[in-house]
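# Reading the structure
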Amino acid sequence: NFQQLWGKIGVDYERQWGLHHFKAGLSADTRQNINNYDLPSLPSNILESLQYDYDKRYFVQASVAQSYYNRYAPGRRWGAFYAVGLGWDIARESFMESANGWLDQLKIRAVYGRTGNGVDNSGYYAYYPTYSETANSGYLWSPNLTHATATRPNAPMANPFLSWEKADKADIGIDASFFNHRLTLQADYYNDRYFDLLQQRG
């Protein structure tokens, strides 16, 4: 039996004055997942974004996200992630006027950011140690060794250092459009670096 409650709230502001275009956004979302008798999981996010362009020629974008997950240990539940991007449409420059008949867009762009993943890899309160009873081995709670009830830690071992998996990502690309948008081309170069990944020991 799986239950989910989800909520989101946000506000945007957008303004155009002359050749300047500006947009800002602020939003927050939260989710409560209940799976049978498990304690609820509570992934949540706060997102901020800014966009600016001048004459559809120069572009700047930035975003920041603060993400929360309650199945990490206290002090490790929040993660901060971000991205920033720049763009330039060369086709709109005055020195490209001679190409107006056949070139619609020639935009170069670059984006760099840090992303995070945690909900699918955090485990079920895996930072918290749990134990089970056994009569054969473990830690004895009674000095009577013959009839003692013993406990032993459950596998896998608790990991109090669990937190968000992270990746630093870069993308450099170009967008081109020709002949009144009848032909479009796009090319991208990506470079991703992952770290703090949760893995089993070899």
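All values derive from a computational prediction rather than experimental measurement.

For the rest of this paragraph, the subject is the overall build of the protein. A count of helical and extended segments in the protein gives zero helices and eleven strands. In sequence order, the protein lays out its α and β elements as β-β-β-β-β-β-β-β-β-β-β. The C-alpha atoms of the protein give a radius of gyration of 26 Å, which is well past the 17 Å a tight globule of 202 residues would have. Along the first, second and third principal axes, the C-alpha atoms of the protein reach 95 × 40 × 30 Å. In the protein, 54% of the contacts between residues at least 6 apart in sequence involve partners at least 24 apart. Approximately 14200 Å² of the protein is accessible, and the part contributed by carbon and sulfur atoms is 56%.

Counted by the stated rule, this structure contains ten salt bridges. For the salt bridge of Asp196 with Lys166, the shortest nitrogen-to-oxygen distance reads 2.9 Å. In this pair, Asp196 sits in the segment after β11 (183-195) while Lys166 sits in strand β10 (residues 165-178), placing the two residues 30 residues apart along the sequence. Taking relative accessible area as the criterion, Asp196 reaches 48% and is therefore assigned partly exposed. We note a salt bridge from Arg193 to Asp168, for which the minimum N-O separation is 3.8 Å. Of this pair, Arg193 sits in strand β11 while Asp168 sits in strand β10, and the two are 25 residues apart along the sequence. We classify Asp168 as buried; its relative accessible area is 10%. Within the structure, one salt-bridge network assembled from shared partners comprises Asp55, Arg57, Arg92 and Glu93.

A separate point is the environment of Ser67. Structurally, Ser67 can be placed in strand β4 (residues 58-68). With 13 residues separating them in the primary sequence, Ser67 and Ala80 have C-alpha atoms 6.4 Å apart. With sequence-adjacent residues up to four places away left out, Ser67 is seen in contact with Ser44, Asn45, Arg77, Trp78, Gly79, Phe81 and Trp164. Engagement of the side chain of Ser67 in a polar contact is seen with the side chain of Asn45, the distance being 2.7 Å.

Its place among the elements puts Gln32 in strand β2 (residues 20-35). Among the residues examined, Gln32 registers a relative accessible area of 27% and is labelled partly exposed. Each C-alpha atom of the pair Gln32 and Glu14 lies 32 Å from the other, and the pair is 18 residues apart in sequence. Contact partners of Gln32, with chain neighbours within four places excluded, come to Gln3, Gln4, Leu5, Pro40, Ser41 and Leu42.

Each value, and the rule that gives it
Residues numbered from 1 in each chain as written. Predicted model: local features only at pLDDT ≥ 70, side-chain atom pairs only at ≥ 80, totals over all residues. Heavy atoms only, no water. Helix = DSSP H or I, 4+ residues; strand = E, 2+ residues; numbered from the N terminus. Rg over C-alpha atoms; globule rule 2.2 N^0.38 Å. Contact = heavy atoms within 4.5 Å. Areas by Shrake-Rupley, 256 points an atom, 1.4 Å probe, with all protein chains shown as cover. Salt bridge = Lys/Arg side-chain N within 4 Å of Asp/Glu carboxyl O. Buried < 20%, exposed > 50% of the residue type's maximum accessible area, 1.4 Å probe, protein only. Polar contact = N/O pair within 3.5 Å; in protein donor to acceptor, adjacent residues only side chain to side chain.

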